[in-house]
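Observations on chain architecture
Next come the chains, spelled out residue by residue.
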Amino acid sequence: MSDRLLKTDPFEPGSRHEKVQGARFWPDTLFVDLSAYPDEVQSYDHHELTFWDDCDLGILVAMAARMHEQLHWLQTAGTTFGRFLATNRVTTGDLADAILTTATPRELDMLIGARRRSIPPALRDSTGRLSHEIGYSPTLQSLFDHWWSTVALEHYLVDSGAELLGPIDPRFMVGLSLRYAVAGSRPIDVFNAPDEGFMETTRAFGPRDSSRAFRTTSGLTVRNIEETAALVLQLITKASLAEMLTDERQAKYAERASLWSLERFLDDRQSLYTKALMFYAKQAPLSDPHRFFELLLLLCDISLNPRIPDDGSPLGAEWNDFHPVCRFERLVAALEGFTPDVRKIDGRPPLKWWEEERHRLVQRAGISDGATDRAFCSIPQTAQDALAAPSDHIRAFLAKAGVNLGILRDHYPSVVASPIHTLLHDTEGMVALTDTFEGPNFDPPLNIRSFGDGEPSPSIDTQTYVHTLVALTSRRATHSWLVRAGPLNFLGLPTDTIGLRAQQVAIERLSGLYGIEA
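These figures come from a predicted structure and were not determined experimentally.

**Some remarks on the overall build of the protein chain**
If you tally the helices and strands in the protein chain, you get 20 helices and four strands. Within the protein chain, buried positions represent 61% of all 518 residues. Across the protein chain, contacts joining residues at least 24 apart in sequence account for 74% of those joining residues at least 6 apart.

**Points about the environment of Y156**
With respect to the helices and strands, Y156 occurs in helix α6 (residues 138-159). Taking the relative accessible area as the measure of exposure, Y156 reaches 9% and is therefore buried.

**Some remarks on the sheet that holds strand β3 (residues 446-448)**
Within the open sheet, the four strands sit side by side as β1-β2-β3-β4. Their pairing is mixed. Each end of this open sheet is capped by a strand with a single partner; those strands are β1 (24-26) and β4 (454-456). The mean angle between the axes of side-by-side strands here comes to 30°, regardless of whether they run parallel or antiparallel. Of the pairings in the sheet, the one linking β1 to strand β2 (residues 31-33) comprises three bridges and is antiparallel in character. Each bridged residue has a counterpart across the sheet, and for F25 the counterpart in β2 is V32.

**Side note on the confidence of the model for the protein chain**
The predicted coordinates should not be examined in detail at positions where pLDDT is low. A residue-level look at the protein chain finds 86% of positions with pLDDT of 70 or above and a mean pLDDT of 85. Every residue in residues 1-8 scores below 50 in pLDDT, and together they form 15 contacts with partners more than four places removed in sequence or on other chains. pLDDT under 50 marks residues 14-20. Its contacts with residues more than four places away, or in other chains, come to 17 contacts.

**Remarks on the pattern of salt bridges**
One pass over the full model with this rule turns up 23 salt bridges. When the shortest N-O distance is used, the salt bridge between R476 and D28 registers 2.5 Å. With a gap of 448 residues between them, R476 in helix α19 (residues 462-483) and D28 in the loop between β1 and β2 connect regions that are remote in the sequence. With relative accessibility at 19%, the residue D28 sits in the buried group. The closest approach of N and O atoms between D159 and R223, which form a salt bridge, is 3.1 Å. With D159 in helix α6 and R223 in helix α10 (residues 222-243), this pair connects stretches of sequence that are 64 residues apart. R223 shares its class with D159; the two are buried.

**A look at α19**
For α19, with 22 residues, the first-to-last C-alpha span of 31 Å sits near the 32 Å given by 1.5 Å per residue. Among the 22 residues that make up α19, 17 are buried, leaving the element largely enclosed by the rest of the structure.

**Examining the packing of aromatic side chains**
By the definition in use, this model includes 12 aromatic pairs. With 6.2 Å between their ring centres and 80° between their planes, F84 and F322 make a pair best called edge-to-face. Within this pair, whereas F84 is found in helix α4 (residues 80-102), its partner F322 is found in helix α14 (residues 319-322), the two being separated by 238 residues in sequence. With respect to burial, F84 and F322 carry one shared label: buried. Ring centres of W147 and W148 lie 6.1 Å apart, and the angle between their planes is 45°; this geometry places the pair in the tilted category. Neither residue differs from the other here; W147 and W148 are each classed as buried. Following the ring pairs from residue to residue traces out a cluster consisting of F81, F84, Y156, W319, F322 and F376. We note R24 situated over the ring of W26; from NZ or CZ to the ring centre the distance is 4.2 Å. Over the ring of F205 we find R179; its NZ or CZ atom is 5.4 Å from the centre of that ring.

**Some remarks on the environment of L235**
For L235, the position within the fold is in helix α10. For the pair L235 and V61, spaced 174 residues apart in the sequence, the C-alpha separation amounts to 9.6 Å.

**Looking at the nonpolar core**
Within the largest apolar cluster, 145 residues are counted, with the highest numbers of intra-cluster contacts made by F144, W147, Y280 and F328. Excluding its chain neighbours within four sequence positions, the residues that come into contact with Y280 are R291, F292, L295, L296, L299, F328, V332 and L335.

**A short note on the side chain of D33**
Along the polypeptide, D33 turns up in strand β2. Despite being buried, D33 has no salt bridge partner; R24 is the closest side chain of opposite charge, sitting 6.8 Å away. For D33, the side chain forms a polar contact with the side chain of S35, separated by 2.7 Å.

**So, the side chain of T468**
Counting through the fold element by element, T468 comes out in helix α19. Exposure remark for T468: the relative accessible area of 1% places this residue in the buried category.

**Overview of unusual backbone geometry**
Residues other than glycine predominantly adopt negative phi, and peptide bonds predominantly adopt the trans conformation. Positive phi is not limited to glycine here, since R374 has a value of about 60°. Position of R374 among the secondary structure elements: in the loop between α16 (351-365) and α17 (390-411). We classify R374 as partly exposed; its relative accessible area is 26%.

**Digging into α6**
Taking 1.5 Å of rise per residue, 22 residues should cover 32 Å, and α6 covers 31 Å from first to last C-alpha, within 8% of that figure. Of all the 22 residues making up α6, 17 are buried; the element is thus mostly covered by neighbouring parts of the structure. Directly beyond the C-terminal end of α6, a positive phi value near 60° is found at S160.

**Observations regarding the packing of α10 against helix α12 (residues 271-281)**
In helix packing, the relevant descriptors are the interaxial angle and the interaxial distance, both defined with respect to the helix axes. Orientation of α10 relative to α12, taken along the N-to-C sense of each, is 90°, at an axis distance of 7 Å. What the angle tells us is that α10 and α12 run roughly perpendicular. Residue-level contacts link R223, N224, I225, E227, T228 and L231 of α10 to S271, L272, Y273, T274, K275, A276 and L277 of α12. In terms of residue class, the contact of α10 with α12 is made up of six nonpolar, four polar and three charged.

Cut-off values and rules
Residues numbered from 1 in each chain as written. Predicted model: local features only at pLDDT ≥ 70, side-chain atom pairs only at ≥ 80, totals over all residues. Heavy atoms only, no water. Helix = DSSP H or I, 4+ residues; strand = E, 2+ residues; numbered from the N terminus. Buried < 20%, exposed > 50% of the residue type's maximum accessible area, 1.4 Å probe, protein only. Contact = heavy atoms within 4.5 Å. Pairing = 2+ DSSP bridges. Axes fitted to C-alpha atoms, helices over the stretch in contact; angles between N-to-C directions. pLDDT = per-residue confidence, 0-100. Salt bridge = Lys/Arg side-chain N within 4 Å of Asp/Glu carboxyl O. Expected span 1.5 Å × (residues − 1). Phe/Tyr/Trp six-rings, centres within 6.5 Å; stacked < 30°, edge-to-face > 60°. Lys NZ or Arg CZ within 6 Å of the ring centre and 35° of its normal. Core = buried A, V, L, I, M, F, W, Y, C linked by side-chain atoms within 4.5 Å. Lys, Arg positive; Asp, Glu negative; His and termini not counted. Polar contact = N/O pair within 3.5 Å; in protein donor to acceptor, adjacent residues only side chain to side chain. Parallel < 35°, antiparallel > 145°, perpendicular 65-115°, else oblique. Nonpolar A, V, L, I, M, F, W, Y, C, P; charged D, E, K, R; others polar.

Here you go:
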């Protein structure tokens, strides 16, 4: 990777994977960008089932694409690996704030001076080292190193970005992020831990075996698994919608939907979406085409739910039971000689299938399953000030989503693996259950609509939406100030009146707390 690439912080959002504007999920802001979809789809929340008789068929294609983005929200808030990564992003923000809080007035002047000379204060070279000679104190240098560890770890785990690691053992980086995740609102407890034995102790919190033992055979990344699951869910959703139409409209819809899929996905340039599907297809049982895809969705969900402790214990697992790619490979290998249960109710597997087949596959592959563990779902008892303590507010928001989705998973085991199967199984019951929840749950809670307008889903009230927007924008402003020499980066956030006001509040926070003029 060139130094030029590193001048744009790899943590910040950008077109790393998709050139398409709109129709994407921004993991670090938790917003789903729906602006590429028709207005009827942008506000669709599964309460309104009024399209079938006379809607334009293109809207149904867009509804299926919306489900693709929704799954990415569920993968973030409804899986152990997703919540670990989300918590790690919050830690990145904590450490960015800690850098500015800890810096002496002289060091802050040096940071400000570097930006004026178009040098991002946190600029790293291709080895992961700070690439300038600003005279930071050892304490500030250490904070920068911890901050970088959380940034590089996400890319290592999700996109196999090993080139960002530098000389640091990935076991240490996993252990460090796990320790910070457990510390929650008191990251200082980790940073101020005794130096003696800190490296060894922290490394012991990570995977038990050396990273040299971490080898994959498929060439997949976690992003491939997430996107393949979302693509397959999108295809199943389109097929399910087609079944609700009359015969004549079915044919027209199928023609339009198939053409869209062929143009969008069945292309070597879209291997991000299909690579895991192709790897799975070599081993998967082919007796039933419907079960072929349902089984893949189940494998993806199991892969994204390793057992990760959040009680201060070490990870206690090896790489091949922690990393989703290793888990996916083991699950696919376990399909050799496997005969899936092909029972159907109204053409689909019964609800118990998702539990029973999950148990069979987990046992067969010899891996852990943390899907029902509620890891990283501890909610603070006191209300969190979104401006004074943005990280605590975001943690509480994510934890509440995790709790609610955990309850949904208890009732509907397919809810994260394949939400369309859950809706088709019991739409009224599921909608009634989600209506009893307070806070974020099944529907993506934060949305960007046409013209950059922000909108909460019905799962959260306006006050929660505004506070969460302020917290996320404040976090982005602090981080962006460290990694960019130019204007702050607010991609993935609304640009309407409320969004712009949140940006101004975030900029004022930098000025009020640190004397920084952005």
